[in-house]
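The lines below spell out each chain.
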Amino acid sequence: MFTDRYVLVAGAGVTGKSVASALVHAGARVTVTDGVADRLTDLPAGVETVVGLTTPPDGVDLVVTSPGWPPTAPLLVAAAEAGIEVIGEVELAWRLGETLPNPPAWLAVTGTDGKTTTVGMLESILLASGAKAVACGNIGLPVIDAVLGGYDVLAVELSSYQLHWQSSMRAHAAAVLNIAEDHLEWHGSMAGYVQDKGKIYTGAGLAVYNADDVETERLAADSPQKVSFTVSTPSAGQFGVTDGWLVHGDLLLAPVAEVRPVGPHNVANALAAAALARAYGVSAEAVRAGLTAYTPPAHRVELIAEHGGVRYVNDSKATNTHAAQGSLGAFDSVVWIAGGLLHGAPVGDLVAEAAPRLRGVVLLGADRGVFAAALARHAPDVPVHLVGSGDDEPMLTAVRAANAMASPGDVVLLAPAAKSHDLFASYVHRGTAFAEAVRDVLAERG
């Protein structure tokens with residue numbers, strides 16, 4: 001399929017290196033380009049490297065782009081104008097998989113929020129069933145490495161970026177967890193974002209959708225085989241919740257109390273994982289065993305400490321309003337730490353919905369004023385503390401202020417509803433700062 005083809009790989013990160021290696025092994029001539037020269041190392045023998053290409057070299061007949069590169073990148077525009085096909089790593093992985101005698105089944109997951117949690121749950125369930133399985137894609141391990149790794153089944157996390165650059169994938173089963181505004185600067189519009197998300201259903205053996213999210217139901221409408229999930233009592237054929245259990249019809253899958261992380265949005269994630277696993281033939285017993293064994297990654301509704309009847313919870317991964325809505329909904333009485341970069345996203349609806357459970361709010365970051373204005377409109381009686389822009393230790397100041405507002409029974413919750421890059425290197429850095437600040441503040445209290 002790739003013997004003697006000349007392929008340009010755009011991007012030399014983890015994914016780009018895996019792509020280059022797979023292509024060399026498949027017999028292709030490969031050139032890798034990246035805007036950062038230091039990344040163009042640790043590549044297979046025989047790979048050519050060029051810093052910062054903006055047009056494809058003569059003779060290139062395929063470009064494989066890293067998922068973060070937008071369609072407007074000059075190199076990709078130039079390739080398209082020259083009639084050169086541009087695909088992503090996921091598309092390449094699917095094509096290479098079709099050349100294998102026993103390619104793995106793909107159980108694919110996308111959505112605005114909850115992808116990594118759902119894929120982690122799904123991997124745990126598959127492993128509990130005895131399947132040779134691995135989580136891959138946006139979660140970390142490149143899909144191409146997983147496809148060539150000899151696995152029976154893959155739990156594949158796919159971002160909208162990755163879906164944009166693929167067209168051939170036909171998953172055994174696929175799920176869209178939810179849809180909310182995100183990455184519009186990359187996709188150009190909400191319509192473009194939704195369209196790319198919906199590509200996961202193309203040719204899927206089973207479409208799994210969220211009955212509590214109208215947009216996912218619409219995306220699955222044309223799928224010949226589909227099933228839905230709801231965090232409410234299910235109707236016939238649905239996955240849902242009855243008497244404290246995740247169920248599918250009369251089949252008991254797992255107690256809600258065993259789902260981690262906590263919160264209705266994570267119950268929805270568990271139901272989606274269960275539906276995908278059941279589509280692969282996994283037993284109800286393995287669903288429960290996998291969900292019980294699942295250990296959530298850090299920074300996702302992570303309990304950091306409990307002291308004096310107050311819990312301190314880190315959900316730094318709640319980088320948009322949709323994710324924060326789920327996090328806030330998991331607790332009844334909250335001192336909320338929020339703020340960061342909103343990139344124009346409105347917060348009024350989020351604040352209005354959360355208002356009854358708020359006992360205090362601490363705001364930090366570039367768009368703290370937007371949050372403050374929404375709180376003044378929708379929760380005027382809730383105490384609000386703004387961390388100053390010149391504060392050298394903004395998270396420590398925020399946790400001190402939140403701690404002063406909290407009473408026994410409250411949860412001090414970091415659920416920023418915004419991106420982190422105004423004050424922190426990443427959501428991981430922000431969550432780590434929160435955890436360290438909690439420990440410092442509790443040490444001060446003695």
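Structure shown above.
The residue numbering used here restarts from 1 in each chain and proceeds along that chain's sequence as written. Side-chain atom pairs in this predicted model are given and counted only at pLDDT of 80 or more, local residue features only at pLDDT of at least 70, and totals for whole chains, interfaces and linings cover all residues. As a rule here, side-chain values come from all non-hydrogen atoms in the structure, and water together with hydrogens is ignored.

Secondary structure elements follow DSSP: runs of H or I of four or more residues count as helices, runs of E of two or more count as strands, with numbering from the N terminus. A tally of regular secondary structure across the protein chain gives 16 helices and 20 strands. Relative to its length of 446 residues, the protein chain is compact, with a C-alpha radius of gyration of 23 Å against a globular reference of 22 Å. Across its three principal axes, the protein chain shows a C-alpha extent of roughly 70 × 55 × 40 Å. The buried share among the 446 residues of the protein chain stands at 54%. For the accessible areas, the method is Shrake-Rupley and the probe is 1.4 Å, while residue cover comes only from the protein chains on display. Taken as a whole, the protein chain presents about 17,800 Å² of accessible surface, with 51% of it coming from carbon and sulfur. Restricting the calculation to C-alpha atoms gives the radius of gyration, and the globule rule supplies 2.2 Å times the number of residues raised to the power 0.38. With a 1.4 Å probe rolled over the protein chains alone, any residue whose accessible area is under 20% of its type maximum counts as buried; one over 50% counts as exposed, and the rest are partly exposed.

The next point concerns the packing of helix α4 (residues 115-128) against helix α10 (residues 264-279). Interaxial angles span 0 to 180 degrees and are taken between N-to-C directions of axes, which are lines fitted to C-alpha atoms, for helices over the stretch in contact. One way to put it is that α4 packs onto α10 with a least axis distance of 8 Å and a crossing angle of 45 degrees. Between α4 and α10, the crossing angle belongs to the class labelled oblique. Along this stretch, α4 crosses α10, giving a crossing that reads as right-handed. Residues Thr 117, Thr 118, Met 121, Leu 122 and Ile 125 of α4 form the contact with α10, whose own contacting residues are Asn 266, Asn 269, Ala 270, Ala 272, Ala 273, Ala 274, Leu 276 and Ala 277. Amino acid classes used here: Ala, Val, Leu, Ile, Met, Phe, Trp, Tyr, Cys and Pro are nonpolar; Asp, Glu, Lys and Arg are charged; the rest, including Gly, are polar. Here the contact of α4 with α10 is built from residues that sort into nine nonpolar, four polar and no charged. We call two directions roughly parallel when the angle between them is under 35 degrees, roughly antiparallel when it is over 145, roughly perpendicular when it lies between 65 and 115, and oblique otherwise. For a crossing to be left-handed, the near helix must be turned anticlockwise from the far one by less than a right angle; the clockwise case is right-handed. Whether two residues touch is decided by their heavy atoms; if any such pair falls within 4.5 Å, the residues are in contact.

Following both chains from N to C, one finds helix α15 (residues 394-405) and helix α16 (residues 427-445) inclined at 50 degrees, their axes separated by 8 Å at the closest point. With respect to each other, α15 and α16 are oriented oblique. Read as a crossing pair, α15 and α16 show a hand that is right-handed. Residues Met 395, Leu 396, Val 399, Arg 400 and Asn 403 of α15 touch α16, and the partners they reach there are Arg 430, Ala 433, Phe 434, Ala 437, Val 438, Asp 440, Val 441, Glu 444 and Arg 445. For the contact of α15 with α16, the residue count by class is eight nonpolar, one polar and five charged.

Given the number of residues in a helix, its expected span is that number minus one, multiplied by 1.5 Å. Compared with an ideal rise of 1.5 Å per residue, which puts 14 residues at 20 Å, α4 spans 20 Å between its outermost C-alpha atoms and is within 8% of the ideal. Taken across its 14 residues, α4 has 11 buried, putting it largely inside the fold. Positioned one or two residues after α4, Gly 130 has a phi angle of 95 degrees, which is positive.

What follows deals with the environment of Ala 406. Summarising the element assignment, Ala 406 is placed in the loop between α15 and β20 (411-414). Ala 406 gets classed as buried once you look at its relative accessible area, which sits at 17%. Distance from Ala 406 to Arg 311, taken between C-alpha atoms, is 9.4 Å for residues 95 residues apart in sequence. Beyond its immediate chain neighbours, meaning those up to four positions away, Ala 406 contacts Val 310, Val 335 and Val 412.

Time to look at the sheet that holds strand β2 (residues 29-34). Overall, parallel pairing links the five strands, which are arranged β3-β2-β1-β4-β5 in an open sheet. Each end of this open sheet is capped by a strand with a single partner; those strands are β3 (48-51) and β5 (85-88). Ignoring strand direction, the axes of neighbouring strands in this sheet form an average angle of 25 degrees. With respect to the sheet, helix α1 (residues 14-25) is in contact with β1 (6-10), β2 and β4 (62-65), its orientation differing from that of β1 by roughly 170 degrees. Lying on the sheet, helix α3 (residues 89-97) is in contact with β4 and β5; it crosses β5 at an angle near 90 degrees. Should DSSP find at least two bridges between two strands, the strands are regarded as paired.

Tracing the backbone through its elements, the reader meets Ser 316 in the loop between β16 (310-314) and α12 (321-328). Setting aside anything within four residues of it in sequence, one finds Ser 316 in contact with His 299, Leu 414, Pro 416, Tyr 427, Arg 430 and Gly 431.

In this structure, Leu 23, Val 32, Leu 92, Trp 106, Ile 200 and Tyr 201 are the most contacted members of the largest nonpolar core, which totals 48 residues. The biggest single contributor to this core is α3, with five residues. Contact partners of Ile 200, with chain neighbours within four places excluded, come to Ala 108, Val 109, Thr 110, Leu 158, Leu 163, Met 169, Ala 174, Ala 175 and Val 176. The criterion is simple. A nonpolar core is a set of buried Ala, Val, Leu, Ile, Met, Phe, Trp, Tyr and Cys residues joined through side-chain atoms within 4.5 Å. Counting 42 residues, the second-largest nonpolar core is a separate cluster that includes Ala 131, Ala 175, Leu 206 and Ala 270.

Strand order in the open sheet made by the six strands is β15-β16-β20-β17-β18-β19, with mixed pairing throughout. Among the strands making up the open sheet, the edge pair consists of β15 (302-307) and β19 (384-386). Recorded for the sheet is a direction-independent mean angle of 15 degrees between the axes of neighbouring strands. Contacts between α15 and the sheet are confined to β16, β17 (334-338), β18 (358-363), β19 and β20, with β18 contributing the most and set at about 165 degrees to the helix. On the sheet, α16 packs against β15, β16, β17 and β20 and is oriented at approximately 10 degrees with respect to β15.

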